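# What the coordinates show
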Amino acid sequence: MTSSLKRALGPWQFFSFAFGSIVGVGWVVFLGDWLNRGGPAGAMLGFGVGAALMALIGLCYAEALTMFPVSGGEVPFAFEAFGVGPAYAVGWALIMTYIGAVAYVASSMAWILDYLVPGIQGPALYAFRGTDIHLGSLLIALLTVAWLTWVNSRGVRTSGRFQDVLTYGKILVAVVFMAAGVFGGRVGNLEPLFSTANHRTAVGGVLAVMAVVPWFLGGFNTIPQVMEEKAERTSLRLVGRITVLSIGAGALFYCLVILSASMALPWRELVERELPAATAFRQAFGSELLARVVLLTGLLGIATVGNGTFVAATRLLFALSRASLLAPGFGRTHPVTGAPDRAILFTGLVAALGTLLGRQGIGPIVAVGAVGLSFGYFLTSAAVLRLRFTMPDHPRPYRVRMGVPVAAAAAVGSLGLMAAALRDHWTGAGGRFPFEWMLLGAWAGIGLVLWLNHWRSGGLAGRRAEKLTDGQTDRAG
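Residues numbered from 1 in each chain as written. Predicted model: local features only at pLDDT ≥ 70, side-chain atom pairs only at ≥ 80, totals over all residues. Heavy atoms only, no water.

Once that is clear, we can look at the side chain of Lys230. Looking at where Lys230 falls in the secondary structure, it is placed in the loop between helix 8 (213-216) and helix 9 (236-264). Judged by relative accessible area, Lys230 falls into the buried class, the value being 0%. Only 2.8 Å separates the side chain of Lys230 from the backbone oxygen of Thr234, close enough to count as a polar contact. (Helix = DSSP H or I, 4+ residues; strand = E, 2+ residues; numbered from the N terminus. Buried < 20%, exposed > 50% of the residue type's maximum accessible area, 1.4 Å probe, protein only. Polar contact = N/O pair within 3.5 Å; in protein donor to acceptor, adjacent residues only side chain to side chain.)

Written out as structure tokens, the structure reads:
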């Protein structure tokens, strides 16, 4: 077994990993929730303002990932700026987020196939939070996880090609139904522009949408997880630009989905429907074909998000293990494929357990993931700010203009996003202790036990953590 990754990713693969991980199936499942929170204008404003803030964060990532082009993303950034403890904490939080995302897309695959193939659900096995978990749906989710595990075990070259084909295919298919909604729909269907559900004001609706933006625009940070696998000829500066571009492209996609679906059918009719995006085009145009085009786009999105987040989780495990912050087995790679096969197997097993929560597990996974991602955004932004003073002469192939105020604004904004997500958990719990906080506490507890056990057993975290930023340090711009 070895501990080096293959260098095979070019610019197209970096964009497909980022955009493919941003735009998945969430818009198919959660469109009604976005509209209920903010209405068409409120939802688009929420994504627009959220994307502007995320762009500041993306700029910080672009600078940091070109400073330290190694696996692990936020982990080496936090290590260089703040030391071992914060590096481990952010790595563990993001492992939770990415593995949760794999479970989320697998459960969503079952949801959409249930809709496309009536009766495929099979008999009910048990219930979770008042919703039955069916045999057929569970098998589909587990097979999706198994499929993603297999694809990733073949190596990053296979994963990258898989991501390319499905991401660019998804974009082409989406153009069909977006054009139908915008050019065939009615502007009057957008009224009222803002939602007043739960006694929210227009501003409150925008803020409610912004609370979930970190999750739905979060895939861009798969790029730093695979930086060590960048092909020799790929420019670091170009990868930095792609990081920021992918955020804007993802926000534009979501806004066009909101606009086209809300023009196709009055949006208040959509908020109570299952899979509202597909419902909008079926009822507005009497076209089952358009509805299936929407769901096909969602299926492609499931595959790309699942693959991207699966890769990200395994590279975080690999980076933490190589630095002796986790068990050494996760830092080994297969001698032929170059894939971190033990990290891949662990990710698949834990994600499979997550699918046991069924559809009702999707909402909490999204809510908890928004906190994990926001924490990663904060530490990366704060790291870029600190490193401007502690490592002013370190090579920065992508150097952000006005880096200090940009990083400061991104750090403050990240804390705001985290606070908004935690507040959303509390308000959604109706005065009870939020289930999402239980999940966060449980994962943090597991991480703390592993950390303490590692130190007690003679872990070398204090002496070998420099391997977080060693890697294959290509500094070419």
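Let us now look at the nonpolar core. The biggest cluster of nonpolar side chains holds 138 residues, and the ones touching the most others in it are Trp27, Trp34, Phe177, Phe216 and Tyr254. Tallying contributions element by element places helix 4 (residues 84-116) first for this core, with 21 residues. The residues touching Phe177, leaving out its near neighbours within four places in the chain, are Trp27, Val257, Ser260, Phe281, Leu290, Val293, Val294 and Thr297. (Core = buried A, V, L, I, M, F, W, Y, C linked by side-chain atoms within 4.5 Å. Contact = heavy atoms within 4.5 Å.)

Side-chain pairs of opposite charge can arise whenever the charged atoms involved come near each other. Under the definition given, this model contains seven salt bridges. Across the pair Arg396 and Glu63 runs a salt bridge, and its minimum N-O distance is 3.1 Å. One end of the pair, Arg396, is in the loop between helix 13 (362-390) and helix 14 (403-428); the other, Glu63, is in helix 2 (residues 26-67), and 333 residues separate them in sequence. The burial state of Arg396 is the same as that of Glu63; both residues are buried. (Salt bridge = Lys/Arg side-chain N within 4 Å of Asp/Glu carboxyl O.)

A few words now on helix 10 (residues 276-285). Looking at helix 10, one finds that the buried residues are Pro276, Ala277, Ala278, Thr279, Ala280 and Phe281. Of the residues one or two after helix 10, Gly286 is the one with positive phi, at around 55°.

On to the pairing of strand 2 (residues 131-134). Looking along a regular strand, one sees side chains alternate from face to face of the sheet. Relative to strand 2, strand 1 (residues 124-128) runs antiparallel, the two being bridged by four bridges. Across the sheet, residue Ala124 finds its bridge partner in strand 2, namely His134. Hairpin connection from strand 1 to strand 2: two residues lie between these consecutive antiparallel strands, with Arg129 at a positive phi of about 50°. (Pairing = 2+ DSSP bridges.)

Here we come to a nonpolar patch on the surface. A cluster of nonpolar side chains, Leu125, Tyr126, Leu135, Leu139, Leu142, Leu353 and Leu356, forms an exposed patch at the surface whose accessible area comes to about 580 Å². Per-element accounting of the nonpolar patch gives the leading share, three residues, to helix 5 (residues 135-153). Take Leu139: it is sitting in helix 5. Owing to a relative accessible area of 44%, Leu139 belongs among the partly exposed residues under this scheme. (Patch = residues over 30% accessible without salt bridge, like charges linked within 9 Å, V, L, I, M, F, W, Y side chains within 5 Å. Areas by Shrake-Rupley, 256 points an atom, 1.4 Å probe, with all protein chains shown as cover.)

Our focus in this paragraph is the packing of helix 6 (residues 156-184) against helix 11 (residues 288-322). Their axes nearest at 9 Å, the elements helix 6 and helix 11 cross at an angle of 150°. With respect to their mutual orientation, helix 6 and helix 11 come out roughly antiparallel. Taken as a pair, helix 6 and helix 11 cross one another with a handedness that is left-handed. Tallied by class, residues from the contact of helix 6 with helix 11 come to 15 nonpolar, nine polar and two charged. (Axes fitted to C-alpha atoms, helices over the stretch in contact; angles between N-to-C directions. Parallel < 35°, antiparallel > 145°, perpendicular 65-115°, else oblique. Left-handed = near helix turned anticlockwise from the far one by under 90°. Nonpolar A, V, L, I, M, F, W, Y, C, P; charged D, E, K, R; others polar.)

Glancing now at helix 12 (residues 341-354). Along its 14 residues, helix 12 runs 20 Å from first to last C-alpha, staying within 8% of the 20 Å computed at 1.5 Å per residue. Restricting attention to buried positions, one finds in helix 12 the residues Ala343, Ile344, Thr347, Gly348, Ala351, Ala352 and Gly354. Along the long axis of helix 12, the arc covered by the buried residues comes to 165°, so they all point the same way. Helix 12 presents Leu345, Leu349 and Leu353 as exposed residues on the side facing more than 90 degrees away from its buried surface. Those residues of helix 12 that are buried are in contact with helix 4, helix 5 and helix 11. (Expected span 1.5 Å × (residues − 1). Arc of directions from axis to C-beta.)

Function cannot be read off these values alone, since they describe shape.
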